[in-house]
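# Residue-level structural notes
The residues making up each chain are set out below.
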Amino acid sequence: MTTEVQKMIEEKNADLPLIVIKKLEKKLESGKLKKKDLGKVMDRVMDVYEKAKIEPGEGVGVLAAQSIGEPGTQMMMRTKHYAGTAMDVTKGLPRLIEIFDARRTPKTPMMTVHLTKEYNTAEKAEALAHSIKETQIRHIAKSLKLDFLKYRIVIDLNKEELKKRGLTPKVLETIIKEKFEKQASLEKDTLIIKAPKKVASVLQKLRGEVLKTHLSGIKGVTYVVIQKEDRNYMVYTQGTNLPDILNVKGIDPKKTKTNDIKEIERVFGIEAARHMLVEETKDTLKDAGLVVDYRHVSLVSDAMCADGAIKAIGRHGISGSKASVLARASFEETVKHLLKASAYGEVDGLKGVVENIIVGQVIALGTGVPELIMKTEEKKSKK
Amino acid sequence: MKSQIPDETKTCDVYCNGKFIGTHEKPKELIEELKKLRSQNIISPEVCIAYDKKGKVHIVSDAGRLLRPLIKIKNGQPMLTEEHLEKIKKGEMTWAEIVSRGLIEYMDAAEEENTLVALNETELTNQHTHMEINPFVIFGICANVVPFLNHNMATRVTLGANMSKQGIGMYCSNYGIRADTQRHLLTYAQKPIVKTKGLDMVNYDKRPSGQNFVVAVIAHGGYNMQDALVINKASLERGLGRSVFFRSYKAEERKYPGGQVDLIEVPDKEVRGYRSEECYRYLGDDGIIEPESIVGEDDILIGKTSPPRFLEVIEEFGMSVKHRRESSVNVRTGEGGIIEKVLLSESLDGDKLVKVKMRDPRIPTVGDKFASRHGQKGVIGFIVPQEDAPFTESGIVPDLMLNPHAIPSRMTVGQLLETIGGKVGAMSGRMIDGTAFSGEPEADMRKELEAHGFKSNGKEVIYDGITGERLEAEIFIGVVYYQKLKHMVVDKIRARSRGPVQILTRQPTAGKAREGGLRLGEMEKDCLVGHGAALLLKERLLDESDKTTVPICTQCGLVAVYDKFRDYSYCTICGENVDITFVEMSYAFKLLLDEMKSLCIYPKLLLGEKGGL
Ligand SMILES: [Zn+2]
């Protein structure tokens, strides 16, 4: 069924985005907009929309850079604390730099875990949070001794901690036996693990290995915080492991996210990563109380993700892989770029801004875009 | 604190002036014994004994340590008592005596680590080992310039302390016979009415660097917005903020190997590099300028000729002529003044040495920078004639009008206190103590102000200078010590339309001294790009900079040669029968092409119509 608005659009041959059309339809439905006024309103909307469009030749890249860079100077070094807990998250300028540098791992990796409706109660959220938290042997060890006489490690278990983390000695035994096989044995409250070789250095090495043995929870999650936002319980984790958390029952896999953008890229792909770049940048800026238009952020994210993998802004990323030799050389490592380009016989088409400034030509931007094209007599005769 | 030092350890290393001298089992006992000897003046009071974090005892007596005196505390009581102070007042006891008796100890940075120092008597506890002689000593010399600094925000004090270094003052009393390369001197420097103990200690009264201004906190027609200052013209004519700038130039009759010498003389017209006759007009017969002549930029102060750089220069006609070189000393570009003094002397090598001192009186003009001692800086925005300036009931016209907006966000309460203090001091004819933590209490000053018939809050009824009407609001007015800072417009003002270029890049030179242009930098470039002002960008970066037209061989794409005499061009590689096109480019790019060639890169230019590639 075509609505009034759609009819009008066809009639006027208008080019309007979906969101505007939907808004118009809503207004029309609610009666705020009368049918007889639709034509006039449509004209005005089209006019405004046309004016809001970016004109050809606008230097959007520079605008985006300045629009993000200038507020960036006002940002302070800040860390956000989660309500009275020891967990903190990098925010402000350091986080912004981290995002645009496309770091392999963020300084403070964290996940925001949303819960499904059934799990949206205080008790269930609490239980889920505890089950997520990773338990290693070092968490449940009361004391650890290196027995250099018998070449073994003796661990006294902390029974209370064990209970708190939902582990029984029996479960523990099976996990341990699986990993260390016959070397491990559990006697009452002490865990004994023998070294495979009777060498002191082997024992020392084993100590680290034993302490870090994963028992339960999700690998990498060292700390959890539960917070109630609006009516929903959320679990924030320190440390991130997206593939594993997606398999946990009770979480909402559609909403659960991590601030490790590279991990998003690995798990969900580049489109999700692009979206996450935008979201994280927006959140960081919003957190510092700065308003930056969405379009600037999305342009930067598009540029970072344009060739299928996240590329940093800077020498190792976008600037280092520009098409123009001169642009690359003017940025950093001039000689290296020039020599490489000459070895491959590269041709610089002088299409960008920097190249044309170097050479001394009018840049192809703004007033430099329009050119006068005249058909000469010669060409006419050919026709 | 003493408790950190263990009574007994296995071995404690002892160092003397950084050299290991032995070990000791009881470091605490050792240190206490040594300090006892020091307090008895058996060991010099300048020796410091410190126990460091690594558990080593250091005994130091070498030079170069900064020491500061602290009052010794025993059982929570200062060892220096009222009795002692009384004796000192009577002259029965000296400082040296107090120190030698161990009542006051000198601390260096290392020993200070073992102490707990109280700021004043009220916070003394049994744990304290020392006490400051006066709390203001926790600030340095520059910070102590600021009166009532404990009422200011720390950043403002820092700013004020840093700016006081730039204030023009009477820096010494023998300025008349000195020949400083460059120096500013405040003509009528005054002692500050509101001073501090710290200022007295550095004899600030003898070398002050400011004047007591009558300051009204009032807006004046928008001419003092954004930290600008409005200043009274009549005050300036009375000598307020007037300073002199001195610059000395020198020339030396150097001797060269081979018996050649420089000569201080009026250069002959034959001399190589002879400037116009006009430049030499002030020179006396001896080639040196006469005192009290008024000189402008590029005028010659000392005429000098040097021997030719290369002996036996073969001139065009094959004749060997020895022309001396002109090497006179001239006034710097953009400067000028009156010749104050000419000094004739001899250099260390025994050569004739001439120094010419030039003076340039500076009356404050729009754009000159002034600052109070509280980090409140501003430039003159307007010089108001006295008849147009607001006045008080008693006819006082402020020297300076400070915008009220300068106060709240910066929270320089100290300046407000100084304003009241200055007013009290001026009325009572005495100095006001504004020392940090111990300055004159606000209440006392207010009372005294009231006794003089003023309002205790320092506000007064003010009349508009132009209409004569009474202003609705009462205006805060008082006396504040202001400094003229050394940044003056005449030193900074500059403009350029055409001028010199660098030889290598053919771009305009940089800097005022070289008559340079203003750089359109990376970020300014970004702005023009952001606005899409492509043609303006090209004009700035090419047309008004290093534009050149270069012949390019269309065959090999390298720079060709254009022979202007025969008006034809050829390529050094491809010969004469090739198309050579003239291309407009920046000289810096041509230089880049040349440099690439030196890197063994072949930068071939592919030519085409615009947008054709
Ligand atoms: Zn050629």
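### Some details on the sheet that holds strand 22 (residues 352-362) of chain B
Residues and elements named next belong to chain B.
- Strand order in this open sheet of 5 strands is 10-14-22-21-16, and the pairing throughout is antiparallel. Here the strands that pair on one side only, and so sit at the sheet edges, are strand 10 (182-186) and strand 16 (294-295).
- Of the pairings in the sheet, the one linking strand 10 to strand 14 (residues 243-252) comprises 5 bridges and is antiparallel in character. By the bridge assignment for strand 14, Leu186 is matched with Ser243.

### Topic: the side chain of Thr419 of chain B
- Looking at where Thr419 of chain B falls in the secondary structure, it is placed in helix 8 (residues 413-428).
- With near-sequence residues (within four places) excluded, Thr419 of chain B lies in contact with Phe476, Ile477, Gly478, Val479 and Val480 of chain B.

### Structural notes on the packing of aromatic side chains
Residue and element names in this part refer to chain B.
- Evaluated as defined, the whole model comprises 10 aromatic pairs over all chains.
- Through a chain of ring-to-ring contacts, the aromatic side chains of Phe213, Phe370 and Tyr482 assemble into a single cluster.
- Residue placement shows Arg183 over the ring face of Tyr171; its charged tip is 4.3 Å from the ring centre.
- Between the NZ or CZ atom of Lys357 and the centre of the ring of Phe246, over which it lies, the distance is 4.5 Å.

### As for the pattern of salt bridges
- Enumeration over the complete set of coordinates arrives at 50 salt bridges over all chains.
- The residue Asp15 of chain A makes a salt bridge to Lys53 of chain A at a minimum N-O spacing of 3.6 Å. In this pair, Asp15 of chain A sits in the loop between helix 1 (4-12) and helix 2 (18-30) while Lys53 of chain A sits in the loop between helix 3 (38-52) and helix 4 (60-74), placing the two residues 38 residues apart along the sequence.
- A salt bridge links Glu522 of chain B to Lys525 of chain B; its shortest N-O distance comes to 3.8 Å. In this pair, Glu522 of chain B and Lys525 of chain B both sit in helix 11 (residues 522-531), 3 residues apart, roughly one turn of the helix.
- Beyond isolated ion pairs, a larger network of salt bridges with shared partners links Lys35, Arg38, Glu105 and Glu111 of chain B.

### A look at the packing of helix 8 of chain B against helix 9 (residues 442-451) of chain B
Residues and elements named next belong to chain B.
- Interhelical geometry of helix 8 versus helix 9 gives an angle of 45 degrees and a closest axis separation of 9 Å. Judged by the inter-axis angle, helix 8 sits oblique to helix 9. In this structure, helix 8 crosses over helix 9, and the sense of that crossing is left-handed. Side by side, helix 8 and helix 9 meet where Leu417, Ile420, Gly421, Lys423, Val424 and Ser428 of the first sit next to Glu442, Met445, Glu448 and Leu449 of the second.
- Among the residues forming the contact of helix 8 with helix 9, the class breakdown is 5 nonpolar, 2 polar and 3 charged.

### A closer look at a nonpolar patch on the surface
- A cluster of nonpolar side chains, Ile54, Val60 and Leu299 of chain A, forms an exposed patch at the surface whose accessible area comes to about 230 Å².
- For Ile54 of chain A, a relative accessible area of 56% translates into the label exposed.

### Quick look at the nonpolar core
Residue and element names in this part refer to chain A.
- Membership of the largest hydrophobic core comes to 37 residues, with the highest contact counts inside it found for Leu115 and Met304.
- Considering each element in turn, this core owes the most residues, 5 residues, to helix 13 (residues 270-287).
- If we skip the residues at most four places from it in the chain, Leu115 touches Ala125, Leu128, Tyr233, Val235, Gly250, Ile251 and Asp252.
- Listed in part, the 21 residues of the second largest apolar core include Ile137, Ile153, Leu162 and Leu167.

### Quick word on the sheet that holds strand 3 (residues 48-51) of chain B
All names here are of chain B.
- With respect to topology, 4 strands assemble into an open sheet ordered 2-1-4-3, the strand pairing being mixed. With one partner strand each, in any of the chains shown, strand 2 (19-24) and strand 3 form the two edges of the open sheet. Strand-to-strand twist across the sheet, computed as the mean angle between neighbouring axes with direction ignored, equals 20 degrees.
- In the sheet, strand 1 (residues 12-16) pairs with strand 4 (residues 57-60) via 3 bridges, with the strands oriented parallel. Considered in strand 4, the bridge of Tyr15 is made with His58.
- Strands strand 1, strand 2, strand 3 and strand 4 of the sheet are contacted by helix 1 (residues 27-39), whose axis makes an angle of about 160 degrees with strand 3.

### Examining the environment of Arg242 of chain B
Residue and element names in this part refer to chain B.
- If you trace the backbone, Arg242 turns up in the loop between helix 7 (233-237) and strand 14.
- In this structure Arg242 comes out as partly exposed when scored by relative accessible area, which is 25%.
- Along the primary structure Arg242 and Thr365 are separated by 123 residues, whereas in three dimensions their C-alpha atoms are 10.0 Å apart.

### Describing the coordination of the zinc ion
Residues and elements named next belong to chain B.
- Bound to the zinc ion are the protein donor atoms Cys553 (SG), Cys556 (SG), Cys571 (SG) and Cys574 (SG), situated 2.2 to 2.3 Å from the metal.
- Considering all 4 donor atoms around the zinc ion, angles at the metal cover 106 to 114 degrees and the coordination shape is tetrahedral.
- In primary sequence terms, the donor set of the zinc ion follows C-x2-C-x14-C-x2-C. Remark: Cys571 occurs in the loop between strand 33 (568-570) and strand 34 (580-586) and Cys553 occurs in strand 31 (residues 547-553); sequence separation between them is 18 residues.
- For Cys553, a relative accessible area of 0% translates into the label buried.
- The exposure class assigned to Cys571 is buried, which follows from its relative accessible area of 3%.

### Focus: the interface of chain A and chain B
- Chain A puts 26 residues into the contact, and the matching count from chain B is 23 residues.
- Both faces considered, chain A and chain B share a buried interface measuring about 2000 Å² in area, 72% of it formed by carbon and sulfur atoms.
- Seen at the junction of chain A and chain B, the total is 0 salt bridges.
- At the surface where chain A touches chain B, the tally comes to 4 residue pairs in polar contact (both at pLDDT 80 or more).
- Counted by class, the side of chain A that touches chain B contains 14 nonpolar, 8 polar and 4 charged residues.

### Some thoughts on the confidence of the model for chain B
- For chain B, per-residue confidence averages 90 on the pLDDT scale, and 97% of positions sit at 70 or higher.
- For this predicted complex, the interface confidence reaches an ipTM of 0.76, while the overall pTM sits at 0.74.

### Remarks on helix 8 of chain B
All names here are of chain B.
- In this model helix 8 runs 22 Å from its N-terminal to its C-terminal C-alpha over 16 residues, within 8% of the 22 Å that 1.5 Å per residue would give.
- Those residues of helix 8 not exposed but buried are Gly414, Gln415, Leu417, Glu418, Thr419, Ile420, Gly421, Gly422, Lys423, Val424 and Gly425.
- Looking one or two places after helix 8, you find Gly429, whose phi comes out positive at around 70 degrees.

### Re the pairing of strand 1 of chain B
Residues and elements named next belong to chain B.
- By the bridge criterion, 5 bridges tie strand 1 to strand 2 in an arrangement that is antiparallel. Looking at strand 2, one finds that Asp13 is bridged to Thr23.
- Between strand 1 and the antiparallel strand that follows it, strand 2, lie 2 residues; Asn17 among them carries a positive phi value of about 50 degrees.

### Some remarks on the domain arrangement of chain A
- For chain A, the domain assignment lists domain 1 (4-52), domain 2 (63-109 + 259-321), domain 3 (135-216) and domain 4 (322-367).
- Computed over C-alpha atoms, the centres of domain 2 of chain A and domain 3 of chain A are 41 Å apart.

How each quantity is defined
- Residues numbered from 1 in each chain as written.
- Chains lettered and ligands numbered in written order.
- Predicted model: local features only at pLDDT ≥ 70, side-chain atom pairs only at ≥ 80, totals over all residues.
- Heavy atoms only, no water.
- Pairing = 2+ DSSP bridges.
- Helix = DSSP H or I, 4+ residues; strand = E, 2+ residues; numbered from the N terminus.
- Contact = heavy atoms within 4.5 Å.
- Phe/Tyr/Trp six-rings, centres within 6.5 Å; stacked < 30°, edge-to-face > 60°.
- Lys NZ or Arg CZ within 6 Å of the ring centre and 35° of its normal.
- Salt bridge = Lys/Arg side-chain N within 4 Å of Asp/Glu carboxyl O.
- Axes fitted to C-alpha atoms, helices over the stretch in contact; angles between N-to-C directions.
- Parallel < 35°, antiparallel > 145°, perpendicular 65-115°, else oblique.
- Left-handed = near helix turned anticlockwise from the far one by under 90°.
- Nonpolar A, V, L, I, M, F, W, Y, C, P; charged D, E, K, R; others polar.
- Patch = residues over 30% accessible without salt bridge, like charges linked within 9 Å, V, L, I, M, F, W, Y side chains within 5 Å.
- Areas by Shrake-Rupley, 256 points an atom, 1.4 Å probe, with all protein chains shown as cover.
- Buried < 20%, exposed > 50% of the residue type's maximum accessible area, 1.4 Å probe, protein only.
- Core = buried A, V, L, I, M, F, W, Y, C linked by side-chain atoms within 4.5 Å.
- Donors = N, O, S within 2.8 Å, 3.2 Å for Na, K, Ca; no water.
- Tetrahedral: all angles 85-135°; square planar, octahedral: opposite > 155°, others 65-115°.
- Buried area = accessible area lost by both parts, 1.4 Å probe.
- Polar contact = N/O pair within 3.5 Å; in protein donor to acceptor, adjacent residues only side chain to side chain.
- pLDDT = per-residue confidence, 0-100.
- Expected span 1.5 Å × (residues − 1).
- Domains from an automatic or database assignment.

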